[in-house]
Amino acid sequence: MAAPIVVIGAGQAAASFVSRYAALGGTQSVLLIGEESHPPYQRPPLSKKYLLGELERERLFIRPPEWYREQAIGLRFDTRVDAIDRAQSRVITQGGESIDYDKLLLCTGSSARRLPEAIGGGLGGVYTLRTIADIDHMAPEFQAGRRLLIVGGGYIGLEAAAVARQLGLEVTLLEVADRILQRVAAARTSAYFRALHQAHGVTLRESTRLSRLLDSDGRVCGAELDSGDTVEADLVLVGIGGSPNTGLAEAAGLDCDDGILVDACCRTSDPNIYAAGDCCRFERGGHRVRLESVQNAADQGDLVARRLAGEDTRYTAIPWFWSDQYDCKLQIVGLNQGYDEAVIRPGSSDSSLSVWYYRGDELLAIDAMNEPRSYAFGRKILESGKHPPKQVVTDPATDLKSLAMG
Ligand SMILES: Cc1cc2nc3c(=O)[nH]c(=O)nc-3n(C[C@H](O)[C@H](O)[C@H](O)COP(=O)(O)OP(=O)(O)OC[C@H]3O[C@@H](n4cnc5c(N)ncnc54)[C@H](O)[C@@H]3O)c2cc1C
């Protein structure tokens, strides 16, 4: 029997790959190997409705387990791949099994960064948020009146803060940079979310570095800050970003640089091996970028399926992303990397506005807070390659629909 297409990592990109490959009537057999105990699932609800207890686990699954059987897609859970033997075109699992592949797709995702053990990262009551198992361990601790310390003011930390406040916990959030979301957003977007969280009772401490977590019989009881202050805490959530899972690829000699390097067709430096999603760094407009988003993982998985089904296609999608915090829906389209000015378009209510990022006269990206029209028409404007002048987009009298369609 011919060797299958083997997919390592059963997450968002893998699910998108198998869905498209099946829909296109791909003729090769496919085997999906994942180290978690579940079929591919959506991670975004983990820091939102699933943590809040408003979504059942089954609703996380991208497809029900039967679907894979019906499509004759092999699906192996609880199976970690430990090595790729490129010379023999096979992968070796942790259990020592050797599985041949015809083509290999790496969808290994990224891992949550942890605090070093030396400063208390290994204490009981210290969590990261990446998997269903992480939430299932952590959720019973989310009880009203308990004191949660969040380390890191990125999207995951802020979303968890919103959930914790809704459940009645006391929340302190530490951010080492001078503002939350500094790495990913303009100062106005940070200010919007700072105000939102403060209005909901979160204590935000920006420009604040954690020195170490404090230990009470092996369990965290607080934190010491570089200012010398201490903060008491019953539990700690570490949200300090993710790193791409490139270990397998590196050990197999594939080109990597903070991500598995791929071209615009998701091909790695080995023509028989592709990579998609959080784990890869790809070419976009002359730069290499690595994204951690559902859109990117889904579109790249889709692209690899099309290529393996015989289509000559490249990755050209415009990135988009979202985040839900309290009653705010943030929608982002484009990539703001390299912007030199961010201008504000007032929203239709007090709680809405959009931030438009420019490099010179070139529109790069938009953050839309409770502004679905700015997001939707901004997206059309970006897709059509238009670059409306800043004074036009900031003028509330400008009709974005006409701008997008005109
Ligand atoms: C809490 C949270 C909230 C998020 N919210 C949003 C959001 O609101 N909007 C948005 O756009 N994005 C969001 N994201 C990001 C988005 O979920 C990811 O970008 C997306 O899941 C990436 O898909 P992927 O297939 O690359 O990796 P993943 O979905 O992470 O899947 C990778 C899988 O590979 C497995 N694996 C790794 N190595 C091996 C191995 N050697 N052998 C076997 N299996 C292996 C991993 O265990 C994992 O199951 C969020 C992420 C998290 C964690």
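Described in the following lines is the structure provided in the data block. (Residues numbered from 1 in each chain as written. Predicted model: local features only at pLDDT ≥ 70, side-chain atom pairs only at ≥ 80, totals over all residues. Heavy atoms only, no water.)

### Some points on the sheet that holds strand β14 (residues 219-225)
Applied cut-off: In this description, strands pair whenever DSSP reports at least two bridges between them. In DSSP terms, a helix is any run of H or I states spanning at least four residues, a strand is any run of E spanning at least two, and both are numbered starting from the N terminus. Every angle, taken between N-to-C directions, lies between 0 and 180 degrees, and every axis is a line fitted to C-alpha atoms, over only the stretch in contact when it is a helix.
With antiparallel pairing, the 3 strands of this open sheet are ordered in space as β13-β14-β15. The strands lining the two open edges of the sheet, one partner per strand, are β13 (210-216) and β15 (230-232). Recorded for the sheet is a direction-independent mean angle of 30° between the axes of neighbouring strands. Bridge count between β14 and β15: 3 bridges; the pairing is antiparallel. In the sheet register, Glu224 faces β15, and the bridge partner there is Thr230.

### Considerations on the layout of surface pockets
Quick note on the threshold: Both cavities and pockets are sets of points on a 1 Å grid over the protein atoms alone; in a cavity a 1.4 Å probe fits but cannot get out, in a pocket the set is open with protein on both sides within 12 Å along at least five of seven lines, and lining residues sit with an atom within 4 Å of a point. Grid points are joined across faces, edges and corners, and a volume is the space filled by probe spheres set on the points. Residues are grouped as follows: Ala, Val, Leu, Ile, Met, Phe, Trp, Tyr, Cys and Pro are nonpolar; Asp, Glu, Lys and Arg are charged; every other residue, Gly included, is polar.
In this structure, the second largest pocket occupies an estimated 400 Å³ of space. If you trace the second largest pocket, you find 17 residues lining it, with Arg284, Leu335, Arg359, Glu362 and Leu364 closest to the centre. The biggest single contributor to the lining of the second largest pocket is strand β26 (residues 362-369), with 3 residues. Split into classes, the residues belonging to the lining of the second largest pocket amount to 6 nonpolar, 7 polar and 4 charged.

### Some points on the site of the ligand
The criterion, for reference: Near is defined per residue: the residue qualifies when any heavy atom it owns lies within 4 Å of the molecule or strand. For this analysis, a polar contact is any N or O atom pair within 3.5 Å, provided that within protein one partner can donate a hydrogen and the other can accept it, and provided that sequence-adjacent residues contribute only side-chain to side-chain pairs. All accessible areas in this document rest on Shrake-Rupley with a 1.4 Å probe, and a residue is counted as covered only by the protein chains that are shown.
Taken together, 32 residues surround the ligand, and among them Ala13, Glu35, Glu36, Lys48 and Asp278 come closest. The contact in question runs from an oxygen atom of the ligand to an N or O atom on the side chain of Glu35, over 2.7 Å. Backbone polar atom of Ser293 to an oxygen atom of the ligand: 2.9 Å apart, as the coordinates give it. Contact with the protein chains hides 96% of the accessible area of the ligand, taken as 1,000 Å² for the molecule alone. If you list the elements that add at least two residues to the shell around the ligand, you get α1 (12-23), α8 (294-308) and β22 (320-325). Tallied by class, residues from the shell around the ligand come to 14 nonpolar, 10 polar and 8 charged.

### A few points about the pattern of salt bridges
Heads up, the condition is: When a carboxyl oxygen of Asp or Glu is within 4 Å of a side-chain nitrogen of Lys or Arg, the pair counts as a salt bridge. The buried label goes to any residue with under 20% of its type's maximum accessible area, the exposed label to any with over 50%, and the partly exposed label to all in between, with areas taken from a 1.4 Å probe on protein chains only.
Applying the stated rule across the entire model yields 28 salt bridges. Of the charged contacts, one joins Glu224 and Arg212 as a salt bridge, the two residues approaching to 3.2 Å between their closest N and O atoms. Linking Glu224 in strand β14 with Arg212 in strand β13, this pair joins segments that are 12 residues apart in sequence. A salt bridge links Lys390 to Glu341, with the nearest nitrogen and oxygen atoms 3.0 Å apart. Placement of the pair is Lys390 in helix α10 (residues 390-393) and Glu341 in strand β24 (residues 341-346), with a sequence separation of 49 residues. What makes Lys390 buried here is its relative accessible area of 19%. The network of salt bridges with common partners includes Arg20, Asp302, Arg306 and Glu311.

### Digging into the side chain of Ser19
Here is the rule we go by: Residue contacts are defined here by distance: any two heavy atoms, one from each residue, within 4.5 Å place the two residues in contact.
Its place among the elements puts Ser19 in helix α1. Reaching out from Ser19, the side chain makes a polar contact with the backbone oxygen of Ala15 at a distance of 2.8 Å. Not counting residues within four places of it along the chain, the set of residues in contact with Ser19 comprises Arg63 and Trp67.

### Considering the sheet that holds strand β20 (residues 280-284)
Within a sheet, adjacent strands bond to each other through the backbone by hydrogen bonds, running parallel or antiparallel. Taken in spatial order, the 3 strands of this open sheet run β18-β20-β21, and their pairing is mixed. Two strands lie at the open edges of the sheet, namely β18 (260-261) and β21 (287-289), each paired on one side alone. Two strands pair when backbone bridges link them, and β20 and β21 are joined in this way by 3 bridges, in the antiparallel orientation. Across the sheet, Glu283 pairs through a bridge with Arg288, a residue of β21.

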